[in-house]
Amino acid sequence: MRISENKLRGAVSNHIILMVLALTIILPIMVLVFNSIKPDEEFGINPLGFPEKVRVMNYYDAFVIGNYAQVMMNSLLLVTGTLIMCLTFSSMAAFSLAVLNPNGKATILIGIYLLVGLSIPAQLFILPLFIIWKNLHLNNTFIGLILIYSALNAPFAVFLIRSYMVQLPRELFEAAIVEGASTFQLFTRVALPLSWPVFLTTGLVVSLAVWNEFLFAVTFIHNEEFKPISTILYSFQNRREENYALISAASIMMAAPLAILFILFQRNFIAGLTSGGTKG
Amino acid sequence: MKVISKSIFYGIITTSFLFSTSAVAKTQISWWNYSNEGSGLNAALTQYIQDGFNSSQDEIELQIIFKEGEYNETTRTALLAGVGPDLVSSSGATYVAKYVEGGFLKSLEGYAEKFGWSDKILPWAYNTGVFRDELYSLPKNYESMLYFYNKTLFEENGWSLPTNLAEYESLAAEIQEQGLYPFAYGSSGWPMTHEHLAGNYLNTVAGPDNVYKAMVGEKEWTDPEFVESLELLKKHMRAGYWSGSLENYYAVGWDDFSAQFQNREAAMLQIGSWGFEIATGLDDKSDDWGWAPLPILTEEGGEPNYQLSVGGTLSINAASKNPDAAAEVLNWILSNKDTIIELTKSRNFGEWLMPLYYEEADFAGDIEPKLRDYLVDFSERTGNGNYGYTTWTYYPPEAGTHIWKDMEVVWAGDISVEEFLGEQQKLWEKARKNNELLPIAAR
Amino acid sequence: MEEWSRSAAPFIVLMKNLSNKEMTSWIFLAPVLFIHLLVVAIPSLSSLALCFTDWNGFGKINFVGFENFLELFDDRVFKKAVTHNLIWTGLFLTVPIALALLAAFLLTGVKRFQMFYRFVFFFPYILASIVNCLIWKYLFHPIHGLAAFFKDIGWESLATSPLTTKETSLYAVAFVDGWHFWGFLVVIYITAMYQVDESLYEAADIEGASKWQTFRYVTFPSIRPMFLFSFLIIIIWSVPAFDYVYILTSGGPAYSSEVVANFMYFEAFRNMNVGYASAVGALMFVYVFTILGFFWTLRKLGWEI
């Protein structure tokens, strides 16, 4: 009896703390949502509250002005392309580090190399990269941008996937070898099918990064038709004008697909992250 | 699943090569411009310039591409790699100087001669595009710094425009007593507003003659006139002349200070000629407004001057495959004054006010009379030699960023005005040594 | 492209000496290494090579030896930026980690609404940095934001924007970045916590351990590897911190929120001192290698990292 009462009290206090933390996020987001349905004239008199006159047309305006159908399609292409390339390459590398040669010098060297890679600010290499891309005729192409995004997201992807593969039981691989599987088959038939949860996680993190990326997109894409979604927000605000209603509506439209994706895959998302990540 | 992803992958590869193969019957000319979708700039430029030019002939096809974010940087990166648009626009002479130094721009000297551009553009503005004795850029927009004031509010309180320092300070004090800000202004989203104020004080306290001497190296920036100018600015900034306090000045942006001016929270607005856009906003309210040149802020006052400024340029990329066609576009713009006036009118004269030889008759129709007065007064006064210098048209790059960026350090009290001007002097000497000074015509 | 062929030569020699097994493992690593070298390493190195020059991004390249570094050590803004980066790292190593540990630990204890909380905590991480900045710039605004609200109820001290007050700007920017980031840590920690052996909790329960004791003696030791990993990754990620500073304050007012990456950006792209900016980049590398060396040493000393 006493224990359950204790537990109940514990659960209530848990919820109170969690709710307070959640409110620090919900309240600011609510202001964004309110602003997205607020008519322009109301911003001066009612900056924080729910709009007196709801104007859903903000979404329509932002959709049309921002050419959303097109930019979303472009971003979707970029995300898909990056997912395919980045996850393929990263999982191969992770397989090599986790299964083929887990204790080799290479593992440590590559680990350090990729960590250092994470610490380099884009401003340092964007200019020479642009020149290389021009010579390879990759400027202003989706494939050029996909290559960049794949490389930028590879370090973290390799870490995540490797940390999962490290935990796969070695016996499975040994059994497969006995059956005469080649190294490549070990990868495609054993390692990949067993680590699918981590691909959801990594995929989500990579998708987020690509969907929201701006600097490389605006530098490497020059055609109106190829612009991704992240550039649109910037065209609603500048020195002269900050159209809060349109930007807020545009922001929410931009976040919505990702939020839905996260809700759909939430359980699997967590399953893909493991604590083994830092061993070895 | 795999088949699908594969086909998407090939789809990406093929679409990514598609862009370069659109119909090539006409000569294609590309132009990058900064993007401002929200205020309709993109639509206006497309309509007046792109469509206007394309329908005027059928050999060249112009396409204007709008770049979000810091378009000067995107442009620079592209130029450096030897690509980029045929027509290069920039925010001012500072960028043009760098592009010329790198050899990224084509000299327009031949075209200027062929088309007679020097007869179409006001001389002082034409000269801001001349580097190493050759023309490299055309001025897209000219600007100057002005006062706007709420006329009705002034009449109600019996205030009059100041003509010297003492009047300026007592007026500000009176306005503050009423619980208003003397000036609506703020730097949020555009910290370069600091240089507007710095330039105003240098040109109205030390005066254009001294500024000119310091720019050409006959005086030092650490001389007492300049120290006095910036000390005065610091004093007024800290007294809350602009939006009440330094912190609020930093936090207030374009929309906010427009509202301050339009809603009687501030009595005046010290801003560039692009401020006509804000002032005309008062027309919807019951208050009347007026404008005036900046008063001279010395004991005895003096004849006001207009600071010269070119706020945007157009050039031809040295890597352009069709420079002649690009020059045709430029010439079409310079030759179609009516279109340009329509365009700048649609931008409330804040953009695309090209420094051409306008006549009264050009502004027939429904132009705001106060604006016409300004345009006429500007050419009269500057014609008489009463002109000053804006920092963003005449300062070399590093001194040009230092003047606004490090001004905050002065206002914060972290360094003194003397130290600040000492750094300015060093940056000017460095620029002079490296031959990086911008064109400055003799006074 | 020349660097490429030069670096490939010793690589080929190396390949000959490798056993078959190692060879295969390198083949699997090759694609990632190739694109990462191409996109990040080669451009970065060619940029770093400029740190001994005075290149302005356009004109001639002159060799100036260590002049850039000498100038940097004398640069008041750079010194400020370095200090701020250290403060920034310190802030992120404490506040978001503590909050995330708390939230994750509490979350493992609740069944109802768990998915809801998780979604809420993670939500800001989904939003683009510009959107997060927009929300907080709006809320911090002295005229229409929370400040106006505080002013109305008489709390004058909270009536100015913390972003534009030089004493608070750095913390205000870090707050916004942290607000967006800590949910990510929650997800990482909660995953690790779910892998803790249930029987350990049961044992703790039987012995009547308090919540804090359970956390201290059961949860925390079990998630230590993940914790240390997050520690390292935060240190690494703090080095190029840029977005939030750039969008919210551009390092101002009066450099009170300047950080190294923003300083480097400004020198390279606005002041056009590319050589000088490269010297900053070189120092960043030195710093990162020092940190990694430190962790490496800890590992050698037997820490499980």
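Residues numbered from 1 in each chain as written. Chains lettered and ligands numbered in written order. Predicted model: local features only at pLDDT ≥ 70, side-chain atom pairs only at ≥ 80, totals over all residues.

**Thoughts on the overall build of chain B**
Point 1. Helix and strand content of chain B: 21 helices and 14 strands.
Point 2. On C-alpha atoms alone, chain B measures out to a radius of gyration of 23 Å, which is about the 22 Å that the 2.2 N^0.38 rule sets for 443 residues.
Point 3. Counting only C-alpha atoms and orienting by the principal axes, one finds that chain B spans roughly 70 × 60 × 55 Å.
Point 4. Going through the 443 residues of chain B one by one, you find that 49% of them count as buried.
Point 5. Counting only contacts in chain B whose residues sit at least 6 apart along the sequence, the fraction spanning at least 24 positions is 79%. (Helix = DSSP H or I, 4+ residues; strand = E, 2+ residues; numbered from the N terminus. Rg over C-alpha atoms; globule rule 2.2 N^0.38 Å. Buried ≥ 20, exposed ≤ 12 C-beta atoms within 10 Å, placed from the backbone. Contact = placed C-beta atoms within 7 Å.)

**Things to note about the overall build of chain A**
Point 1. On a plain count of helices and strands, chain A comes out with twelve helices and two strands.
Point 2. N-terminal to C-terminal, the α/β element order of chain A is α-α-α-α-α-α-α-α-α-α-α-β-β-α.
Point 3. Taken over C-alpha atoms, the radius of gyration comes to 23 Å for chain A, far larger than the 19 Å a tight globule of 280 residues would show.
Point 4. With the C-alpha coordinates aligned to their principal axes, the bounding extent of chain A is approximately 75 × 75 × 30 Å.
Point 5. The buried share of chain A, reckoned over its 280 residues, is 49%.
Point 6. At a minimum sequence separation of 6, the contacts of chain A that also span at least 24 residues come to 75%.

**Topic: the sheet that holds strand β3 (residues 87–90) of chain B**
Residues and elements named next belong to chain B.
Point 1. Taken in spatial order, the five strands of this open sheet run β2-β1-β3-β13-β6, and their pairing is mixed. Edge strands, defined here as strands with exactly one partner in the open sheet, are β2 (60–67) and β6 (138–139).
Point 2. Where strand β1 (residues 27–34) lies against β3, two bridges are found, and the strand directions are parallel. When the sheet's bridge partners are listed, tryptophan 31 is paired in β3 with leucine 87. (Pairing = 2+ DSSP bridges.)

**A few points about helix α9 (residues 193–206) of chain B**
All names here are of chain B.
Point 1. Along its 14 residues, α9 runs 20 Å from first to last C-alpha, staying within 8% of the 20 Å computed at 1.5 Å per residue.
Point 2. With 13 of its 14 residues buried, α9 lies for the most part within the structure.
Point 3. Two residues or fewer past α9, glycine 207 is found with a positive phi of approximately 90°. (Expected span 1.5 Å × (residues − 1).)

**Focus: the nonpolar core**
The nonpolar side chains of soluble globular proteins are, as a tendency, buried together.
Point 1. With 292 residues, the main nonpolar core has Leu145 of chain A, Phe148 and Leu269 of chain B together with Ala104, Val186 and Tyr189 of chain C as its most contacted residues.
Point 2. The biggest single contributor to this core is helix α3 (residues 68–100) of chain A, with 17 residues.
Point 3. What alanine 104 of chain C contacts, discounting residues up to four positions off in sequence, is Val186, Tyr189, Ile190 and Met193 of chain C. (Core = buried A, V, L, I, M, F, W, Y, C linked by C-beta atoms within 7 Å.)

**Notes on the domain arrangement of chain B**
Residue and element names in this part refer to chain B.
Point 1. Structurally, chain B comprises domain 1 (22–141 + 311–382) and domain 2 (143–308 + 386–433).
Point 2. A C-alpha centroid distance of 28 Å is found between domain 1 and domain 2.
Point 3. Taken together, the contact between domain 1 and domain 2 spans 18 residues of the former and 17 residues of the latter.
Point 4. Contributing elements (two or more residues each) for the side of domain 1 that touches domain 2: α4 (93–102) and α17 (369–383). (Domains from an automatic or database assignment.)

**Description of the confidence of the model for chain B**
Close inspection of predicted coordinates is inappropriate in any region flagged by low pLDDT.
Residues and elements named next belong to chain B.
Point 1. On average, residues of chain B score 88 in pLDDT, and 94% of them are at 70 or above.
Point 2. In this model residues 1–23 is a low-confidence stretch, pLDDT under 50, and it forms 17 contacts with partners more than four residues away in sequence or in other chains.
Point 3. For this predicted complex, the interface score ipTM comes out at 0.87, while the overall pTM is 0.87. (pLDDT = per-residue confidence, 0-100.)

**Section: the environment of proline 128 of chain A**
Point 1. Looking at where proline 128 of chain A falls in the secondary structure, it is placed in helix α5 (residues 122–135).
Point 2. Since 20 C-beta atoms lie within 10 Å of it, proline 128 of chain A is described here as buried.
Point 3. The contact partners of proline 128 of chain A, leaving out residues within four places of it in the chain, are Pro43, Ser46 and Ser47 of chain C.

**Structural notes on the interface of chain C and chain A**
Point 1. Contacts between chain C and chain A engage 65 residues on the former and 70 residues on the latter.
Point 2. Listed by contribution, the elements that provide at least two residues to the side of chain C that touches chain A are α2 (20–48), α4 (76–109), α5 (114–126), α6 (129–140), α8 (169–194), α11 (224–238), α13 (260–269) and α14 (274–300) of chain C.
Point 3. Sorting elements by how many residues they give to the side of chain C that touches chain A places α2 of chain C first, with 15 residues.
Point 4. Residues of the side of chain C that touches chain A, tallied by class, amount to 51 nonpolar, twelve polar and two charged. (Nonpolar A, V, L, I, M, F, W, Y, C, P; charged D, E, K, R; others polar.)

**Observations concerning the domain arrangement of chain A**
Residue and element names in this part refer to chain A.
Point 1. Each domain of chain A was delimited in the assignment, giving domain 1 (2–55) and domain 2 (59–278).
Point 2. Computed from C-alpha coordinates alone, the two centres of domain 1 and domain 2 are separated by 31 Å.
Point 3. Every contact between the two is made by seven residues of domain 1 and, on the other side, six residues of domain 2.
Point 4. Here the side of domain 1 that touches domain 2 is built from residues that sort into three nonpolar, two polar and two charged.

**Remarks on the confidence of the model for chain A**
Residue and element names in this part refer to chain A.
Point 1. Of all residues in chain A, 91% attain a pLDDT of 70 or more, and the chain-wide mean is 86.
Point 2. When mean pLDDT is taken per element in chain A, α3 scores highest with 94 and strand β1 (residues 237–238) scores lowest with 66.
Point 3. Contacts from residues 275–280, a stretch scored under 50 in pLDDT, to residues over four places away or in other chains number 22 contacts.

**Some remarks on helix α2 (residues 41–56) of chain B**
All names here are of chain B.
Point 1. Taking 1.5 Å per residue as the helical rise, α2 with its 16 residues ought to reach 22 Å, and the 21 Å between its terminal C-alpha atoms agrees with that figure.
Point 2. Its axis deflected by about 30° at glutamine 47, α2 carries its strongest bend there.
Point 3. Taken as a whole, α2 has its buried residues at Leu41, Asn42, Leu45, Tyr48, Ile49 and Phe53. (Bend = angle between axes of the 7 residues up to and from the residue.)

**Regarding the packing of α9 of chain B against helix α11 (residues 224–238) of chain B**
Residues and elements named next belong to chain B.
Point 1. Two elements in contact, α9 and α11, have axes whose closest approach is 9 Å; the angle formed by their N-to-C orientations is 130°. Considered as vectors, α9 and α11 are oriented oblique to each other. In this structure, α9 meets α11 at a crossing whose hand is right-handed. Counted together, Leu197, Ala198, Tyr201, Leu202, Val205 and Ala206 of α9 and Glu225, Phe226, Glu228, Ser229, Leu230, Leu232 and Leu233 of α11 form the full contact between these two elements.
Point 2. Tallied by class, residues from the contact of α9 with α11 come to ten nonpolar, one polar and two charged. (Axes fitted to C-alpha atoms, helices over the stretch in contact; angles between N-to-C directions. Parallel < 35°, antiparallel > 145°, perpendicular 65-115°, else oblique. Left-handed = near helix turned anticlockwise from the far one by under 90°.)

**Some words on unusual backbone geometry**
Point 1. With an omega of -10°, the peptide bond between glycine 252 of chain C and proline 253 of chain C qualifies as cis.
Point 2. Within the secondary structure, proline 253 of chain C sits in the loop between α12 (243–248) and α13.
Point 3. In this model, histidine 137 of chain A sits at a positive phi of 60°, which is unusual for a non-glycine residue.
Point 4. By secondary structure assignment, the location of histidine 137 of chain A is in the loop between α5 and α6 (142–165).
Point 5. With 11 C-beta atoms packed within 10 Å, histidine 137 of chain A lands in the exposed category.
Point 6. Even without a glycine there, the phi angle at arginine 264 of chain B is positive, about 65°.
Point 7. Within the secondary structure, arginine 264 of chain B sits in the loop between α13 (254–262) and β10 (266–272).

**Considerations on the pairing of β1 of chain B**
All names here are of chain B.
Point 1. In the sheet, β1 pairs with β2 via eight bridges, with the strands oriented parallel. Each residue of the ladder has a partner; that of threonine 27, found in β2, is isoleucine 60.
Point 2. Handedness of the crossover joining β1 and β2 through α2: right-handed. (Right-handed = clockwise from strand over helix to strand, strands pointing away.)

**Points about the sheet that holds strand β7 (residues 142–143) of chain B**
Residues and elements named next belong to chain B.
Point 1. Pairing in this open sheet of three strands is mixed, and the strands run β7-β12-β14 from one edge to the other. This sheet does not close on itself; its edge strands, each paired only once, are β7 and β14 (387–389).
Point 2. As judged from the two bridges shared by β7 and strand β12 (residues 306–310), these two strands associate in the antiparallel manner. If you follow glutamate 143 over to β12, its bridge partner there is serine 309.

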